[in-house]
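# Inside the fold
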Amino acid sequence: MKATIGLGIDAGGTYTDAVLMGMDRNEVLDWAKAPTTRPDPLGGIEEALDGLDPRLLGRATLAALSSTFATNAIVENRGAPALLILVGYDGVDPARFGSVPLVRVNGGHDVDGEPKAPLDREFLQRCVGENDDGVDAYAVAGYFSVRNPEHELLAERVIREVSGKPVVCGHRLSMRLDAIVRAHTAYLNARLIPLIHGLIDSVETALERRGLRALLMVVKGDGSLMGVEMCRDRPIETILSGPAASVIGTRLLADAGEGLVVDMGGTTTDMAMLKDGMPVLSSRGALVGGWPTHVEAIEIRTIGLGGDSHVRMDPEKGVVIGPSRVIPLAVLATRHPGVIRELQRMENFRLPRGLHPDVFYLLMDGCSRNNARLTDLDQNLLEQLSHGPRPEIALVGDQVDYPRLWALERLERVGYVMRAGLTPTDILHVQGRCGLGRTEASALGLSLAARSSKMEPEMLASSILETIHRRLALEMLTHTIFRDRTAVALPGCAACERLVSRWAGDTAAEDNDYDVQFVLHRPVLAVGAPAEAYLPAVADRLGTSCHIPAHAAVANAVGAVAGSVVAQAVAHIRPGKEGGFALHTPVNRESFSSLEEALERARTVVREAAARRARENGAAEPELTLEEHAFQPQTPWGESVFIEHTITARAVGRPLSTRMPPDRTLSAYTGRKRK
């Protein structure tokens, strides 16, 4: 059997997965996991690659990467310094851009694509010259550039004459209306460019060290693939690529066209809907870290609940799980056996309010203390941790030295230290359902939490699992019914709220006179390492089935390499300002005397543009489809009024390397058993 091998890599928040796929049969040949390394993911990627069969790895002709890198950078407000150039935004309040550094330049266009004013080239040249030393990239957003990109393109040329740094044009990222969101999208993209260059360079280095000459591609937020050169220019399109890859991988592994995909990882749980074999896309664009964007992405609901979420007791709320992630005590004790002795000592302590008996701090691997921004207090804490993990109380004292506690929290945020504590994974260890680490440490952590909650350990363990099941069921129901809403309740509807609360088990005893049941009409397609431990029970609560496919633990990496290249181009035809018809494309604006001429030209332009972009991204023989939508409402007296005609060309194709005939068969390698 002839076959092509593809390598899928997913650098997630907790683990980095690598998969080798036989592309002809879509079969998993080998896979490996490694802890994700921060802030540089290269270490985790290399460890995962080293866990694969080197004979198979050396024959991979395609490598595809999905990652939380861009998403996390936006959420954590990380990125290179960039300057936003607003062309023609004179009527827009700068406060709508928050703290974004920006310069406003005269120019821009109106709704018909006609210039409002000439571009002020001299002023733009001065601004770039004055700011160039303090920025790493530029973003240009022209008012109504979707109707005419002329001033954005001209501003790009002016900036390049003064600076050699990257320039991002808003119309190249989005042809949607909404000048504010388009400008935000361009600015975020500019900030990400230097960061994504570093990530891609790291992955290419890892592949080169192993002698791989595979074509490298990156997963976009809609689950499709893009070439690395385009990714270097448009990194914003990779936001939510990890969850998107999970949906694509689940569709392949489960061989399913319908279902609610639930990917439960160590840090978060992601949910998305499959309909008619395709993931449902967000109609509004991806929302990340409070930033609205025009990035096309799968409609995904993400919650801060995973197998490694911190479990803690709150005097008012009871059991609280997440959203912060910690190292499970069972895993920590495997690496540092002395932790068990420390947990035993904690049984004799009565901790002050605000401290947790199960929490330990430890140094991140590879962190350097040679940083001028570290204070003396920071250095003191890092010195204590250099000898191994320490309990929280040992670092801040039983009288709670708050400056030390705040310093630890700050060091965790910037990646110098991390925490360990009681997690759902520890509860599974205590119940004999998991064997990753030292069960004794998990049992001690649960015992300490039970003491503070005044419950028996067994009862507390059941309460923790019930909290997880209830939260997952509620969030899955929310995504199914409301998608982009935050709560399963109709505004102002007390009856709906009470019914949902009764179903979730949150109401008082007097509501026991009736029962409520919700039934999902689609199966739950569960993936992720903890999926089998939690999601079958949740699906049962929702009255549906749960399907966990083989290799569910590495669905993201499977989805990364299983995707296709997708490119599209859009054109709009509108009535001309002085008669005739105006054609608006990402290239320019043209005028025609007849609608037929405009349509013929539009179809040609978008077909050529979509096919060219697909090939530039590495697609082999992309298939083209054309979709048209005419908006011609009728007047009360029955006449049609032409408002707009939209033409969208879509090109889809598999990466070129997956079409290349291999020089050898796989039969000698496919018998290897999984460790």
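All residue numbers refer to position in the chain's written sequence, counted from 1. Whole-chain, interface and lining totals are the exception, using all residues; otherwise, since this is a predicted model, local features are given only for residues with pLDDT of at least 70 and side-chain atom pairs are given and counted only at 80 or more. Excluding hydrogens and water, the side-chain values take into account all heavy atoms of the structure.

Moving on: the overall build of the protein. Looking only at helices and strands, the protein features 21 helices and 29 strands. Seen through its principal axes, the protein has C-alpha atoms that stretch 85 × 65 × 55 Å. Of all intrachain contacts in the protein linking residues separated by at least 6 positions in sequence, the fraction that spans at least 24 positions is 67%. Counting only carbon and sulfur atoms, one obtains 49% of the accessible surface of the protein, whose full area is about 30,000 Å². The average position of the 74 basic charges and that of the 85 acidic charges among the side chains of the protein differ by 3 Å. What counts as a helix is a DSSP run of H or I of at least four residues, what counts as a strand is a run of E of at least two, and both are numbered from the N terminus. Two residues form a contact once any of their heavy atoms are found within 4.5 Å. Each accessible area is a Shrake-Rupley estimate made with a 1.4 Å probe; only the visible protein chains count as cover when residues are assessed. The charge count includes Lys and Arg as positive and Asp and Glu as negative, but it does not include His or the ends of the chains. In plain terms, the charge of a residue is placed at NZ if it is Lys, CZ if Arg, CG if Asp and CD if Glu.

A few words now on the environment of Glu208. As for its position among the elements, Glu208 is in helix α7 (residues 179-209). Note: C-alpha distance between Glu208 and Ser386 (178 residues apart in sequence) is 34 Å.

With that settled, consider the pairing of strand β20 (residues 360-363). One requirement defines pairing of two strands: DSSP has to find at least two bridges between them. Pairing of β20 with strand β21 (residues 390-391) involves 2 bridges; the strand directions are antiparallel. Bridged to Tyr361 within β21 is Arg390. Of the pairings in the sheet, the one linking β20 to strand β22 (residues 417-421) comprises 4 bridges and is antiparallel in character. By the bridge assignment for β22, Leu363 is matched with Val417.

The next thing to look at is the sheet that holds β20. Strand order in this open sheet of 4 strands is β19-β22-β20-β21, and the pairing throughout is mixed. Unpaired on one side and paired on the other, β19 (327-328) and β21 mark the two borders of the sheet.

Looking now at the sheet that holds strand β7 (residues 137-142). Ordered by their spatial adjacency, 4 strands build an open sheet running β6-β5-β7-β8, and the pairing between neighbours is parallel. The open sheet terminates on both sides in strands that have one partner only, identified here as β6 (102-105) and β8 (167-169). Across the sheet, the axes of successive neighbouring strands diverge by a mean angle of 20°, strand direction being ignored. In the sheet, strand β5 (residues 82-87) pairs with β6 via 4 bridges, with the strands oriented parallel. Note on β6: the bridge partner recorded for Val87 is Val105. Throughout, an axis means a line fitted to C-alpha atoms (over the contacting stretch in the case of helices), and angles, computed between N-to-C directions, take values from 0 to 180 degrees.

The subject of this paragraph is unusual backbone geometry. Cis geometry marks the peptide bond from Gly322 to Pro323, where omega comes out at 5°. Relative to the helices and strands, Pro323 resides in strand β18 (residues 318-325). Of note, Asp255 is a non-glycine position whose phi angle comes to about 50°, a positive value. Considering the arrangement of structural elements, one finds Asp255 in the loop between α9 (241-254) and β11 (259-264).

Cysteine sulfur atoms are paired as a disulfide whenever they fall within 2.5 Å. Under the counting rule described, the total for this entry stands at 0 disulfides. Counting only cysteine sulfurs, Cys169 is the nearest neighbor of Cys127, a cysteine outside any disulfide, at a range of 17 Å. The thiol of Cys546 is unpaired, and the distance to the nearest cysteine sulfur, on Cys434, comes to 18 Å. Overall, the relative accessible area of 26% leaves Cys546 in the partly exposed class. Only protein chains enter the accessibility calculation, which uses a 1.4 Å probe; a residue is then buried when its area is under 20% of its type maximum, exposed when over 50%, and partly exposed in between.

This part takes up the environment of Val538. Mapping Val538 onto the fold places it in helix α19 (residues 531-541). Judged by relative accessible area, Val538 falls into the buried class, the value being 0%. In this structure the C-alpha to C-alpha distance between Val538 and Gln125, which are 413 residues apart in sequence, comes to 60 Å. Here Val538 is in contact with His469, Leu472, Ala473 and Met476, once residues within four sequence places are set aside.

All right, on to helix α11 (residues 338-346) then. Every buried residue belonging to α11 is among Val339, Ile340, Glu342, Leu343 and Met346, and all of these are buried. Viewed end-on, α11 has its buried residues packed into an arc of 160°, placing them on one side of the element. On its buried side, α11 packs onto α10 (329-335), β20, β21, α13 (392-396) and α16 (439-453). The directions from the helix axis to the C-beta atoms form the arc being described.

On to the packing of α11 against α16, then. Contact geometry of α11 with α16 gives a least axis separation of 10 Å together with a crossing angle of 20°. By the angle between their axes, α11 is roughly parallel relative to α16. At the point where α11 passes α16, the crossing takes the left-handed sense. When α11 is examined against α16, the residues Ile340, Leu343, Gln344 and Met346 are found in contact with a partner set consisting of Glu440, Ala441, Leu444, Leu448 and Arg451. Charged means Asp, Glu, Lys or Arg here, nonpolar means Ala, Val, Leu, Ile, Met, Phe, Trp, Tyr, Cys or Pro, and polar covers whatever is left, Gly included. Residue composition of the contact of α11 with α16, grouped by class: 6 nonpolar, 1 polar and 2 charged. An angle below 35 degrees is treated as roughly parallel, one above 145 as roughly antiparallel, one from 65 to 115 as roughly perpendicular, and anything else as oblique. Helix crossings get a hand from a simple test, with the near helix turned counterclockwise from the far one by less than a right angle marking a left-handed crossing and a clockwise turn marking a right-handed one.

This paragraph deals with the side chain of Glu156. Note on placement: Glu156 falls in helix α5 (residues 150-162). Those residues in contact with Glu156, other than ones at most four positions away along the chain, are Val167, Cys169 and Arg172.

This paragraph deals with the pairing of strand β9 (residues 215-219). The element β9 is largely enclosed, with a buried count of 4 among its 5 residues. Pairing geometry for strand β4 (residues 60-67) and β9, over 4 bridges, is parallel. Bridge pairing links Ala64 to Met217 in β9. Where β9 meets strand β10 (residues 225-227), 3 bridges bridge the pair, whose relative direction is antiparallel.

Looking now at the packing of aromatic side chains. The rule is short: rings of Phe, Tyr and Trp, with Trp giving its six-membered ring, pair when the centres are within 6.5 Å, and they are stacked under 30 degrees, edge-to-face over 60, tilted in between. This structure, assessed with the given rule, holds 5 aromatic pairs. Considering the side-chain rings of Tyr143 and Phe144, the 5.4 Å spacing of their centres and the 85° angle between planes classify their relative orientation as edge-to-face. Ring centres of Tyr402 and Trp406 lie 5.9 Å apart, and the angle between their planes is 35°; on these two criteria the pair is classed as tilted. Separated by 4 residues within a single helix, Tyr402 and Trp406 lie in helix α14 (residues 402-413), roughly one turn from each other. Here Tyr402 falls in the partly exposed class, since its relative accessible area comes to 40%. On the accessibility criterion, Trp406 (52% relative accessible area) is exposed.

Honestly, it's all geometry; don't read function into it.
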